[in-house]
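Chain by chain, the residues run as shown.
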Amino acid sequence: MKSIKRIGVVLLIVLALAALFAGISINTLSPSYEGQMQLPKLTGETQVYYDTYGIPHIYANNEADAFRTLGYVHAQDRLWQMELLRRIATGRLSEVFGSKMLDTDKFFLSLGIDDATNQTVSNLDENSQMVLLSQAYLDGVNEFVAAGPTPIEFYLTGLEKAPFDLGDIYNTVGYMAFSFAQAHKTDPLLTNIKDKLGEAYLVDLDINVNPNTEWIHNYKNTKEENIQNSIAEMTSKALGALSLPLFEGSNSWVLAPDKTKNGKVIFANDPHIGFSQPAVWYEAHINTPTYEKYGYFMGGIPFPILAHDRSLAYGMTMFQNDDIDFYYEETHPTENEKYKSRNGWVPYENVHKTIKVKDSTSYEFTFKKSEHGPILNGIATQVEGEQPIAMWWIYTQHKNEVMDALYGMSHAKNMDGFQSALPKIHAPGLNIMYGDAEGNVAWWASAKLYKDNNSNRTKFVLKDSSDLMAPERYLDFSENPQAINPPWNYVYSANNQPDSIAGIQYPGYYLPENRAKRIVSLLEPKDDWQMEDIKEMITDVVSPTNPEVVKELNKFVNAKDLSDSQRMVLDKLNVWKGENNLKSIEPAVYHRWTYYFLKNTFADELGEEMFQQFLATHLLKRTIAPMAAKTESVWWDDVTTKDSIETKARIFNASLMEALQSLENDFGVDPNQWTWDKLHTLEHPHPIGQVKALRSFFNVGPFPVQGTREVINNLAFNYDESGLYKVTAGPSTRRIIDFSDIENSMSILPTGQSGNPFSEHYDDQAEMYVKGEFRKMMMNEKEIKDTSKSLLTFRPTQE
């Protein structure tokens, strides 16, 4: 499946004219995977062997040379991605895409990521190994910026290349941290529901900890104002405008030797991230006489976030802890520039920013800040109302040592050294997963956690005087949720609720137990796991929860009202085991029925705007199964009908009929045609692919794909009126590391290694990915050199 086959006539003309105008040929736009180059500041020759899938295996005499080389090869495959990622936190997307990105730029500038970055960088120890290796990486990136071919996206947008610095690294990390957060989607929405409808309407939403859910268990081895146009809409709009990766969820499990056939640890991880093109991870294997690591790198970040070597492996899932709070501020009754702080009336801080806008004049704007954070009312037109709302985010409130943590994790020799790096992660909250060749398995919830008086109210905009108190205390890292070598011989995470810590259930936006329940049910009974078993498990598409929801929905169905073909559909659903295969019809019926059940239950009270916000939250996913099982609920009655009170039975029956009718309208009266492959598709969007004429060239897909949301092979989508389930997020990689055969560990990327559409590695893994296939993560030097597709050699610049 070669990219060039997908170029339409219109695009060929555009590219030909662009190339002619620039005085270049298409060939010069492609990455260089072979030959010899000079690289400034190298102390010796480095060799880069590219394997069949374009993954660089870098051999150098020292780490600094290896990281310089990494910077160059990373940039030649991903410079456009790196460019956009560094621009988000600094409010510089309008400079590329024009005024349509102004709201996004204003929002991210107001978060203060760039200001926090400037403070952090100014205090760095320039002689620390973290900084020295980061700078070596940047040297390589900047050499490509200065001397390498310009990616086609820069020509199409008219953007000039510019060098990268340490601030760009930290700004990219800041964007990553914010994209993990869920409070901006949920807190304002729940406040609106409470203010508009009353406390009774919150009772049946799965807001708080469920004592009956599947928890991740700890084990320590001692060896008033209704915001109609709310923050939720504003932040969703800001993030949705980017065809860039947003972090969503994840799975990971690590099996101790007693759970595996070969008596060695097996590590599995598939972080769930918004699909985009290029894909989020860049793979690279670094080898020096003193250091080796096979890692997964984000664009512009020099240290891997996922990695392994011959001694240990690590990965992550999203913790989903609550690290953002919203506050109503009280403005002085006569002096509008003052607000009530902990220490009395004080002036708001006024922050002035300038945004460059493509093909237009620069945009000047000012926003206010309180002691809690930016006042959101003036930042986007969607936020209305007189009372100021401030956003407090732990990432910008504390010393930023995340890069030191990534360096420490990637250079650890054993579990103790690895664990010592983790307290430096204050945000985003991550479940760090670990396994090693010595037989250790571990999970740590890594974040700066705290106790305060608002622990049971942080999912609302806080507003009385007690809300303004600082956290009671920050927890020591030793108090965070964690499990080290537990007696049940495995650790796992599926973004579900962790066990209690420090005497409390820590508040968060945890996902429902669906995936966790399936993972535990598969792991518990089996003690002879092998690589092939894990490959099958990590691509599992069975939901244990959805058939239970169907049983609840089905209790109220009157079969006499159905046609023979419709009764056949219900018969299939009644024996459904939760599979979500391409030729199944049950997923189509289940999701159409569930959507109409949700719409008929919630939309009348919430209204269209708040209902759409609700559909975009993790709270919705937590609510579906419990709500279907409830006998009584204030939500059952349709408030738009004055002469009747609707019941659960009426809603379930009406929803089924709407679902069946919609499927008949879309695919005909024969239910055998309602197959999942017609509704559930995956396309990887590139930012420039939003231009219709360029879509087929820059985007990858669409592909019919099995799976669904909240199964292990978690391919997420949003509900809407279309009844089509276009996948937006899922496994950003599937990694399996078997310490009994480390050189044959397996992985896959969603599209390909390169972000350059002229590279043969732009989409060469896309079809393998949707089929659930894998490829090797090669580490054997002889095998790498004997089978490499090409060799790129870097030599020091001649004086």
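Residues numbered from 1 in each chain as written. Predicted model: local features only at pLDDT ≥ 70, side-chain atom pairs only at ≥ 80, totals over all residues. Heavy atoms only, no water.

### Focus on the packing of aromatic side chains
Next, step 1: Per the counting criterion, the structure on display carries 43 aromatic pairs.
Next, step 2: Ring geometry for Phe418 and Tyr434: centres 5.0 Å apart, planes at 40°, overall tilted. Of this pair, Phe418 sits in helix α13 (residues 415–421) while Tyr434 sits in strand β16 (residues 430–436), and the two are 16 residues apart along the sequence. Neither Phe418 nor Tyr434 differs from the other in exposure class; each is buried.
Next, step 3: Ring geometry for Phe597 and Trp636: centres 6.5 Å apart, planes at 40°, overall tilted. Within this pair, whereas Phe597 is found in helix α18 (residues 586–615), its partner Trp636 is found in the loop between α19 (618–629) and α20 (648–667), the two being separated by 39 residues in sequence. No difference in accessibility class separates Phe597 from Trp636, as the two residues are buried.
Next, step 4: Members of the aromatic cluster, each reached through a chain of ring pairs, are Phe107, Phe108, Tyr175, Phe178, Trp393 and Tyr395.
Next, step 5: Sitting above the plane of the Trp529 ring, Lys526 keeps its charged end 5.4 Å from the centroid.
Next, step 6: The residue whose ring lies beneath Arg734 is Tyr769, and the NZ or CZ to ring-centre distance is 4.3 Å. (Phe/Tyr/Trp six-rings, centres within 6.5 Å; stacked < 30°, edge-to-face > 60°. Helix = DSSP H or I, 4+ residues; strand = E, 2+ residues; numbered from the N terminus. Buried < 20%, exposed > 50% of the residue type's maximum accessible area, 1.4 Å probe, protein only. Lys NZ or Arg CZ within 6 Å of the ring centre and 35° of its normal.)

### Examining the nonpolar core
Next, step 1: Residues Trp281 and Trp444 are the most contacted members of the largest nonpolar core, which totals 155 residues.
Next, step 2: At twelve residues, helix α2 (residues 63–88) tops the list of elements feeding residues into this core.
Next, step 3: Ignoring sequence-local partners within four residues, the contact set of Trp281 consists of Arg78, Ile273, Tyr296, Phe297, Met298, Ile305, Leu306, Met316, Ser732, Thr733 and Leu749.
Next, step 4: Core analysis: the second largest hydrophobic core is formed by 44 residues, Val549, Leu553, Val569 and Tyr595 among them. (Core = buried A, V, L, I, M, F, W, Y, C linked by side-chain atoms within 4.5 Å. Contact = heavy atoms within 4.5 Å.)

### What to know about the side chain of Asp738
Next, step 1: The topology assignment puts Asp738 in strand β26 (residues 735–738).
Next, step 2: Among all residues touching Asp738, those that are not within four sequence positions of it are Asn262, Val265, Ile266, Met531 and Ser745.

### Description of the packing of α2 against helix α6 (residues 129–147)
Next, step 1: With their axes 6 Å apart at the nearest point, α2 and α6 run at an angle of 50° to one another. Here α6 runs oblique to α2, going by the angle between their axes. When you trace α2 past α6, the crossing you get is right-handed. Two secondary-structure elements touch here, α2 through Glu63, Ala64, Phe67, Arg68, Leu70, Gly71, Tyr72, His74, Ala75, Gln76, Leu79 and Met82 and α6 through Leu133, Ala136, Tyr137, Asp139, Gly140, Val141, Glu143, Phe144 and Val145.
Next, step 2: Considered class by class, the residues forming the contact of α2 with α6 number 13 nonpolar, four polar and four charged. (Axes fitted to C-alpha atoms, helices over the stretch in contact; angles between N-to-C directions. Parallel < 35°, antiparallel > 145°, perpendicular 65-115°, else oblique. Left-handed = near helix turned anticlockwise from the far one by under 90°. Nonpolar A, V, L, I, M, F, W, Y, C, P; charged D, E, K, R; others polar.)

### A word on helix α15 (residues 531–538)
Two residues of an α-helix separated by three or four positions point the same way, owing to the 3.6 residues in each turn.
Next, step 1: Every buried residue belonging to α15 is among Met531, Ile534, Lys535, Met537 and Ile538, and all of these are buried. Along α15, the residues classed as buried sweep out an arc of 165° about the axis, all on the same side. The outward face of α15, more than 90 degrees from its buried face, is lined by the exposed residues Glu532 and Glu536. (Arc of directions from axis to C-beta.)

### Examining the pattern of salt bridges
Next, step 1: In this structure the tally under the stated criterion is 36 salt bridges.
Next, step 2: A salt bridge links Arg87 to Glu95; the nearest nitrogen and oxygen atoms lie 3.1 Å apart.
Next, step 3: One salt bridge in this structure joins Arg567 and Asp564, with 2.5 Å as the shortest N-O distance. With Arg567 and Asp564 both in helix α17 (residues 564–574) and three residues apart, this pair spans about one turn of that helix.
Next, step 4: Residue Asp564 is classed as exposed on the basis of its relative accessible area of 59%.
Next, step 5: One salt-bridge network, held together by shared partners, links Glu83, Arg86, Arg87, Glu95 and Asp168. (Salt bridge = Lys/Arg side-chain N within 4 Å of Asp/Glu carboxyl O.)

### Some thoughts on α17
Next, step 1: For α17, the full list of buried residues reads Gln566, Val569, Leu570 and Leu573. What you see down the axis of α17 is that its buried residues fit within an arc of 95°, all on one side.

### Remarks on the sheet that holds strand β29 (residues 790–796)
Next, step 1: Read across the open sheet, the eleven strands follow the order β1-β29-β2-β3-β6-β7-β8-β9-β16-β17-β20; overall the sheet is mixed. Here the strands that pair on one side only, and so sit at the sheet edges, are β1 (35–39) and β20 (482–484). For this sheet, the mean angle separating the axes of adjacent strands, direction not counted, is 20°.
Next, step 2: Summarising the sheet, strand β3 (residues 56–59) and strand β6 (residues 282–287) pair through three bridges and their orientation is parallel. Paired with Ile58 across the strands is Ile286, a residue of β6.
Next, step 3: This element, α2, spans β1, β2 (46–50), β3, β6, β7 (292–297) and β29 of the sheet and lies at about 160° to β6. (Pairing = 2+ DSSP bridges.)

### Here we look at the pairing of strand β22 (residues 680–684)
Next, step 1: In terms of residue burial, β22 counts as a mostly covered element, since four of its five residues are buried.
Next, step 2: Pairing geometry for β22 and strand β24 (residues 725–727), over three bridges, is parallel. Its bridge partner lying in β24, Leu682 is registered against Val727.
Next, step 3: Inspection of the sheet shows β22 paired to strand β23 (residues 700–704) by three bridges, in the antiparallel sense. Its bridge partner lying in β23, His684 is registered against Val700.

### Description of the side chain of Glu586
Next, step 1: Mapping Glu586 onto the fold places it in helix α18.
Next, step 2: In this structure Glu586 is buried but unpaired, with Lys572 as the nearest side chain of opposite charge at 5.1 Å.
Next, step 3: If we skip the residues at most four places from it in the chain, Glu586 touches Lys572, Leu573 and Trp576. (Lys, Arg positive; Asp, Glu negative; His and termini not counted.)

### Some thoughts on unusual backbone geometry
Excluding glycine, most residues fall at negative phi; most peptide bonds, likewise, are trans.
Next, step 1: Each neighbour pair has its own omega, and for Gln277 with Pro278 the value is 5°, a cis peptide bond.
Next, step 2: Looking at where Pro278 falls in the secondary structure, it is placed in the loop between β5 (266–274) and β6.
Next, step 3: A cis amide bond links Gly701 with the next residue in sequence, Pro702, at an omega value of 10°.
Next, step 4: Structurally, Pro702 is set in strand β23.

### Regarding the environment of Leu715
Next, step 1: Of note, Leu715 is situated in the loop between β23 and β24.
Next, step 2: Given a relative accessible area of 0%, Leu715 falls into the buried group.
Next, step 3: As for Leu715 and His680, which are separated by 35 residues in sequence, their C-alpha atoms are 9.1 Å apart.
Next, step 4: Excluding residues that lie within four positions of it along the chain, Leu715 makes contacts with Phe275, His680, Val705, Gln706, Thr708, Arg709, Val727, Ala729, Gly730, Pro731 and Tyr769.

### A few points about the packing of α6 against helix α8 (residues 166–179)
Next, step 1: Between α6 and α8, the shortest axis-to-axis distance is 10 Å and the interhelical angle comes to 100°. Between α6 and α8, the angle falls in the class roughly perpendicular. When α6 is examined against α8, the residues Met130, Val131, Ser134, Gln135 and Leu138 are found in contact with a partner set consisting of Leu166, Ile169 and Tyr170.
Next, step 2: Partitioned by chemical class, the residues of the contact of α6 with α8 number six nonpolar, two polar and no charged.

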